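Tertiary structure, described
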Amino acid sequence: MTRLAPKYITFDCYGTLIYFEMAPVARQLYADRVQPERMGAFVDDFSAYRLDEVLGPWKPYKEVVANALIRTCKLNGVEYRDSDADAVYAAVPTWGPHPDTVEGLAKVAKEFPLVILSNSMTDLIPHSVAKLGAPFHAAYTAEEAQAYKPRMQAFEYMLDQLGCGPEDILHCSSSFRYDLMTAHDLRITHKVWVNRGHEPANPYYGYHEIKDIRGLPGLLGL
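Residues numbered from 1 in each chain as written. Predicted model: local features only at pLDDT ≥ 70, side-chain atom pairs only at ≥ 80, totals over all residues. Heavy atoms only, no water.

**Points about the overall build of the protein**
Secondary structure summary: the protein contains 10 helices and six strands in total. At 17 Å, the protein has a C-alpha radius of gyration in line with the 17 Å of a compact globule built from 222 residues. Projecting the C-alpha coordinates of the protein onto the three principal axes gives extents of approximately 55 × 35 × 30 Å. The buried share among the 222 residues of the protein stands at 52%. (Helix = DSSP H or I, 4+ residues; strand = E, 2+ residues; numbered from the N terminus. Rg over C-alpha atoms; globule rule 2.2 N^0.38 Å. Buried < 20%, exposed > 50% of the residue type's maximum accessible area, 1.4 Å probe, protein only.)

Shown next, in the form of structure tokens:
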């Protein structure tokens, strides 16, 4: 197998490195308003609306969360409270890494500069990066790019800041819809799908598959 040797290894943060707890938070928050048999559909709707909310012009992530919750509640005939969005947003900086993340990153960081491109805010991302246990060259946010993934503008911002081209990075994500489809369209040849069970495989987009971040050093010959 050819050893990958990118100038930078770039990562999605929430879901890929950090355990993304949006669904558990929503389940707990709406337990008094959504019947157990309907909760699965409710959190799926919340996820779908969050994706829809980030496809337009940039707005603060708290608005993304609030609008997605409002639309989800409307669709499901559930009462929405302004405190709901506050509670979900406040939970984000408390989330920690997946059990495999710290070990995998520690090995890779010894040889490659690590970069995050996250659909986050500049006041949120430091709390998460601090929990990853590895030095990061940079952590870029949607707020800085003024665009959320999967929009190309977010990736273009990162490449411009790094001063490199699509061929110079290895991009790692657990999501096709947010990351790997756009990476493919931007001709980012080297991609890693971290198969955390969020989405089904889609070989069309051309990637290396790993179960978790512990598998990344092996792809890099470490």
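On we go.
**Some remarks on the pattern of salt bridges**
Per the counting criterion, the structure on display carries 14 salt bridges. Between Asp168 and Lys7 there is a salt bridge whose closest N-O contact spans 3.9 Å. Within this pair, whereas Asp168 is found in the loop between α8 (152-162) and β4 (169-173), its partner Lys7 is found in the segment before β1 (8-11), the two being separated by 161 residues in sequence. A salt bridge links Asp12 to Lys149, with the nearest nitrogen and oxygen atoms 2.9 Å apart. Remark: Lys149 occurs in the loop between α7 (142-145) and α8 and Asp12 occurs in the loop between β1 and α1 (22-29); sequence separation between them is 137 residues. The exposure classification of Asp12 matches that of Lys149, with both residues buried. When salt bridges with common partners are traced through the structure, they connect Asp32, Arg33, Glu79, Arg81 and Asp84 into a single cluster. (Salt bridge = Lys/Arg side-chain N within 4 Å of Asp/Glu carboxyl O.)

**Quick look at the sheet that holds strand β5 (residues 190-194)**
Taking strand neighbours across the sheet as the criterion, the six strands line up as β3-β2-β1-β4-β5-β6 in an open arrangement whose pairing is parallel. Edge positions in the open sheet fall to β3 (138-141) and β6 (208-210), since each of these has one partner strand only. Neighbour-to-neighbour, the strand axes of the sheet open up by a mean angle of 20°, direction not taken into account. Note: strand β2 (residues 114-118) against β3, four bridges, orientation parallel. Across the sheet, Leu117 pairs through a bridge with Tyr140, a residue of β3. The sheet strands contacting helix α9 (residues 176-185) are β4 and β5, and the helix crosses β5 at an angle near 160°. (Pairing = 2+ DSSP bridges. Axes fitted to C-alpha atoms, helices over the stretch in contact; angles between N-to-C directions. Contact = heavy atoms within 4.5 Å.)

**Description of the side chain of Ser175**
Structurally, the position occupied by Ser175 is in the loop between β4 and α9. Side chain to side chain, Ser175 and Glu199 meet in a polar contact 2.7 Å long. When near neighbours in sequence (up to four residues on either side) are disregarded, Ser175 contacts Leu180, Trp193 and Glu199. (Polar contact = N/O pair within 3.5 Å; in protein donor to acceptor, adjacent residues only side chain to side chain.)

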